[in-house]
Amino acid sequence: MTERTYYILTFGCQMNKLDSELAAGQLEMAGYSLAESAESADLVLLNTCSVRAKAQVKATSLLCNFTRDVAGKSGRRIVGIMGCVAQQMQEKLTEAPYLAEFVLGSRAVSRLAEVLERLAAGERGILALEEDCASWDYEAETVSRLNKRSAYVAISRGCSNFCTYCIVPYVRGPIQHRRPESIVDEVRSLTDSGYIDICLLGQNVNAYDYDGCSFVNLLERVASIGGIRRLRFITTHPKDLCIDTVRMMVNPPFAPYISLPLQSGSDRILGLMNRGYTRGQYMEKVSWLKEYLPGAFISTDIMVGFPGETEADFEDTLEIVRKAQFDNIYSFVYSTRPRTKAASLMSDVPDEVIKARFKRLLALQRQNHIDRLKRFVGETVEVLIDGVSKKDKGAPCGRTPQHVIVNLPHDKCDVGELVEVTITGAGIRTLLGKVTKRIL
Ligand code: SF4
């Protein structure tokens with residue numbers, strides 16, 4: 001039998017990255033091996049994101065490119081789609097002009113094995129949108145991980161918050177929590193295999209609650225597993241962050257890093273967004289972090305141009321940015337998503353006003369980033385190598401415990417290596433360094 005190969009193109013959040021590893025696990029169990037590129041693969045799977053309209057357009061046009069090119073692979077290539085766009089567009093994706101041979105819903109990744117059997121039997125245009133069991137879980141051995149030191153471990157999936165701009169509750173469903181024993185077993189098996197960087201994943205991790213086991217209880221259990229060097233979790237919802245979590249993060253193995261999406265600094269806009277906190281409550285949580293974790297990096301997400309955002313609302317956001325002194329900001333422009341509550345609001349902020357506000361936010365965050373990263377120059381930090389630099393292809397890069405990217409243009413390192421680095425320079429988002437010692 002000729003060996004069949006696969007390639008998965010992943011877009012979007014960390015949950016999608018983990019879902020791709022789960023899909024890869026099933027493909028490998030079915031006898032597929034990883035191809036060098038999508039172009040050379042017998043089966044191409046697009047794992048998509050629909051959080052913004054642009055991401056959706058990109059995913060669907062890529063799908064068309066691959067399905068049109070079937071002839072180029074002598075009709076042998078199978079093209080499938082999974083993730084949020086798959087869940088959102090469903091059977092439309094099997095029709096022209098998309099012509100996906102299978103569509104795997106965002107809660108149906110575990111059904112890929114069944115889909116592969118149906119494909120082998122000659123079926124095409126397969127829809128597998130619903131999960132095949134009521135409770136959600138997965139076994140550690142069904143994940144095929146590319147990185148041998150850093151691992152994502154899902155603790156929940158879906159979201160029940162219904163922020164008015166967000167499509168996630170519609171495409172990923174309500175929040176479902178994974179059994180704590182299953183999470184602990186997976187982390188233990190990972191650390192036994194040499195993993196040192198564990199990131200607990202969920203659309204809203206700190207809403208975790210399984211039969212009375214809270215997020216703090218779960219953290220306690222995971223943190224007590226030996227061998228973890230960096231324990232992180234994303235995404236944290238500001239309304240659910242409690243002081244006990246912050247106090248727990250003071251001690252190892254917690255990495256000094258947290259992502260706390262602000263979205264807007266205006267109480268009026270936060271109310272329209274249904275975020276569940278005020279600017280005052282948000283800043284109280286920031287003050288806990290600054291008090292208990294003075295060296296930790298705080299990252300945030302900010303949205304510009306939510307329907308009805310006035311100059312005063314935007315000024316409120318800038319004020320929080322100045323006060324909180326975030327170490328990293330992911331800023332983006334509001335994008336109308338179907339089925340969301342905000343889609344029915346009038347997008348009355350003119351494009352040029354949104355662009356100008358976005359520019360002002362970028363200028364402010366640029367200065368913040370530079371100031372925060374300059375502090376590292378001359379220091380020695382521990383860097384976990386996780387890939388190659390985007391700018392300087394071939395040069396290794398990795399992350400500090402604060403999750404800051406360090407590029408190492410003068411060194412040779414393998415992914416997963418832990419090295420000691422002297423920081424020689426700082427950019428807007430990345431550091432430059434030189435390896436001084438190999439740790440692991
Ligand atoms: S918390 Fe809000 S923004 Fe985050 S996934 Fe849930 S609905 Fe979307």
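Basis of the calculations
Residues numbered from 1 in each chain as written. Predicted model: local features only at pLDDT ≥ 70, side-chain atom pairs only at ≥ 80, totals over all residues. Heavy atoms only, no water. Helix = DSSP H or I, 4+ residues; strand = E, 2+ residues; numbered from the N terminus. Rg over C-alpha atoms; globule rule 2.2 N^0.38 Å. Contact = heavy atoms within 4.5 Å. Areas by Shrake-Rupley, 256 points an atom, 1.4 Å probe, with all protein chains shown as cover. Lys, Arg positive; Asp, Glu negative; His and termini not counted. Charge placed at Lys NZ, Arg CZ, Asp CG, Glu CD. Axes fitted to C-alpha atoms, helices over the stretch in contact; angles between N-to-C directions. Parallel < 35°, antiparallel > 145°, perpendicular 65-115°, else oblique. Left-handed = near helix turned anticlockwise from the far one by under 90°. Nonpolar A, V, L, I, M, F, W, Y, C, P; charged D, E, K, R; others polar. Domains from an automatic or database assignment. Buried area = accessible area lost by both parts, 1.4 Å probe. Salt bridge = Lys/Arg side-chain N within 4 Å of Asp/Glu carboxyl O. Polar contact = N/O pair within 3.5 Å; in protein donor to acceptor, adjacent residues only side chain to side chain. Near = heavy atom within 4 Å. Pairing = 2+ DSSP bridges. Phe/Tyr/Trp six-rings, centres within 6.5 Å; stacked < 30°, edge-to-face > 60°. Lys NZ or Arg CZ within 6 Å of the ring centre and 35° of its normal. 1 Å grid on protein atoms, 1.4 Å probe; cavity = no way out; pocket = protein on both sides within 12 Å on 5 of 7 lines; lining within 4 Å. Points joined across faces, edges and corners; volume = space filled by probe spheres on them. Core = buried A, V, L, I, M, F, W, Y, C linked by side-chain atoms within 4.5 Å. Buried < 20%, exposed > 50% of the residue type's maximum accessible area, 1.4 Å probe, protein only. Expected span 1.5 Å × (residues − 1).

Participant: Let's hear about the overall build of the chain: which residues, and what values?
Facilitator: Summing up its helical and strand segments, the chain has 12 helices and 21 strands in all. Computed over its C-alpha atoms, the radius of gyration of the chain comes to 22 Å, within 12% of the 22 Å expected for a compact globule of 440 residues. Principal-axis analysis of the C-alpha atoms gives the chain an extent of 60 × 55 × 45 Å. A fraction of 71% describes how many contacts in the chain between residues 6 or more apart in sequence connect residues 24 or more apart. Working note: accessible area of the chain is about 19,300 Å², and carbon and sulfur atoms make up 52% of it. Of the charged side chains in the chain, 55 are positive and 53 negative; the average position of the first set lies 5 Å away from that of the second.

Participant: Let's hear about the packing of helix α1 (residues 14-29) against helix α4 (residues 112-120): which residues, and what values?
Facilitator: Two numbers describe how α1 lies on α4: the axes approach to 9 Å, and their chain directions differ by 45 degrees. Between α1 and α4, the crossing angle belongs to the class labelled oblique. As for how α1 packs across α4, the hand of that crossing is right-handed. Residues A23, Q26 and L27 of α1 form the contact with α4, whose own contacting residues are L112, A113 and L116. A per-class count over the contact of α1 with α4 returns five nonpolar, one polar and no charged.

Participant: Can you explain the domain arrangement of the chain? Please cite residues and give values.
Facilitator: The assigned domain composition of the chain is domain 1 (4-128), domain 2 (140-374) and domain 3 (380-438). Here domain 2 and domain 3 have C-alpha centroids that lie 24 Å from each other. Summed over both partners, the interface of domain 2 with domain 3 comes to about 1,600 Å²; 58% of that surface belongs to carbon and sulfur atoms. Looking at the side of domain 2 facing domain 3, the largest losses of area belong to R149, R230 and L373, adding up to 37% of the total buried there. Across the domain 2-domain 3 interface, the total number found is two salt bridges.

Participant: Got a sec to walk through the side chain of S106? Specific residues and values, please.
Facilitator: Mapped onto the elements, S106 comes out in the loop between β5 (102-104) and α4. For S106, the side chain forms a polar contact with the main-chain oxygen of V171, separated by 2.3 Å.

Participant: Account for the site of the ligand, naming residues and giving values.
Facilitator: The ligand sits among C159, N161, F162, C163, Y165, C166, V168, P169, Q203, H237 and R275. Broken down by class, the residue content of the shell around the ligand amounts to seven nonpolar, three polar and one charged.

Participant: Quick one: what's the story with the sheet that holds strand β19 (residues 405-407), residue by residue and with numbers?
Facilitator: Reading around the barrel, the five strands line up as β17-β18-β19-β21-β20 and close back on themselves, with mixed pairing between neighbours. Across the sheet, the mean angle from the axis of one strand to that of its neighbour is 55 degrees, orientation sign disregarded.

Participant: Give a description of the packing of aromatic side chains that names residues and reports values.
Facilitator: Evaluation of the coordinates by the stated rule reveals six aromatic pairs. For R4, the ring lying beneath its charged end belongs to Y32, and the centroid distance is 4.6 Å. When the ring centre of F332 is taken as origin, the NZ or CZ atom of R52, which lies over that ring, is 3.9 Å away.

Participant: Pulling in residues and values, what's your account of the environment of E123?
Facilitator: If you trace the backbone, E123 turns up in the loop between α4 and β6 (126-128). In this structure the C-alpha to C-alpha distance between E123 and E101, which are 22 residues apart in sequence, comes to 8.5 Å. At 2.8 Å, the side chain of E123 forms a polar contact with the side chain of R118.

Participant: Which residues make up the layout of surface pockets, and what values do they have?
Facilitator: By volume, the second largest pocket is sized at about 390 Å³. Taken together, 22 residues form the lining of the second largest pocket, with L22, Q26, V109, S110 and Y138 sitting closest to its centre. If you tally residues by element for the lining of the second largest pocket, the top one is α1, at six residues. Taken together, the residues that form the lining of the second largest pocket break down as 11 nonpolar, four polar and seven charged. Both domains that furnish three or more residues to the lining of the second largest pocket are identified here as domain 1 (4-128) and domain 2 (140-374).

Participant: Explain the nonpolar core residue by residue, including any values.
Facilitator: One finds L43, F102, L112, I198, F233 and F326 to be the most contacted residues of the largest nonpolar core, which totals 83 residues. A per-element tally of this core places α1 first, with six residues. When residues of this core are assigned to domains, at least three map to each of domain 1 (4-128) and domain 2 (140-374). Dropping the residues within four chain positions of it, F326 is found in contact with L262, Y282, I298, T300, I320, V321, N368 and R372. If you look at the next biggest cluster of nonpolar residues, it comprises 19 residues, including C64, F66, I81 and V85.

Participant: Report on unusual backbone geometry, specifying residues and quantitative values.
Facilitator: Cis geometry marks the peptide bond from A96 to P97; its omega dihedral reads 5 degrees. The step from P252 to P253 runs through a cis peptide bond, and the omega angle for that step is 10 degrees. Here P253 lies in the loop between α8 (243-248) and β14 (257-259).

Participant: Can you tell me about α1, naming the residues and giving the values?
Facilitator: In this model α1 runs 23 Å from its N-terminal to its C-terminal C-alpha over 16 residues, within 8% of the 22 Å that 1.5 Å per residue would give. With 12 of 16 residues buried, α1 lies mostly within the body of the structure. When we look at burial in α1, the residues that qualify are M15, N16, L18, D19, S20, E21, L22, A23, A24, G25, Q26 and L27. Residue G31 follows α1 closely and has a positive phi angle near 100 degrees.

Participant: Lay out helix α10 (residues 279-292) in plain terms, naming residues and giving numbers.
Facilitator: Given 3.6 residues to a turn, an α-helix orients residues that are three or four positions apart in the same direction. Taking 1.5 Å of rise per residue, 14 residues should cover 20 Å, and α10 covers 20 Å from first to last C-alpha, within 8% of that figure. R279, Y282, K285, V286, W288 and L289 are the residues of α10 that are buried. Along its buried surface, α10 packs onto α8, β14, α9 (267-273), β15 (297-304) and α11 (311-324).

Participant: Which residues make up the pairing of strand β3 (residues 43-48), and what values go with them?
Facilitator: Judged by how many residues are buried, β3 sits mostly within the fold: six of six residues are covered. Neither face of β3 is open: one carries L43, L45 and N47, the other V44, L46 and T48, and all of them are buried. Looking at chain direction, strand β1 (residues 4-10) and β3 are connected through five bridges and run parallel. Pairing of Y7 across the sheet is with V44, part of β3.

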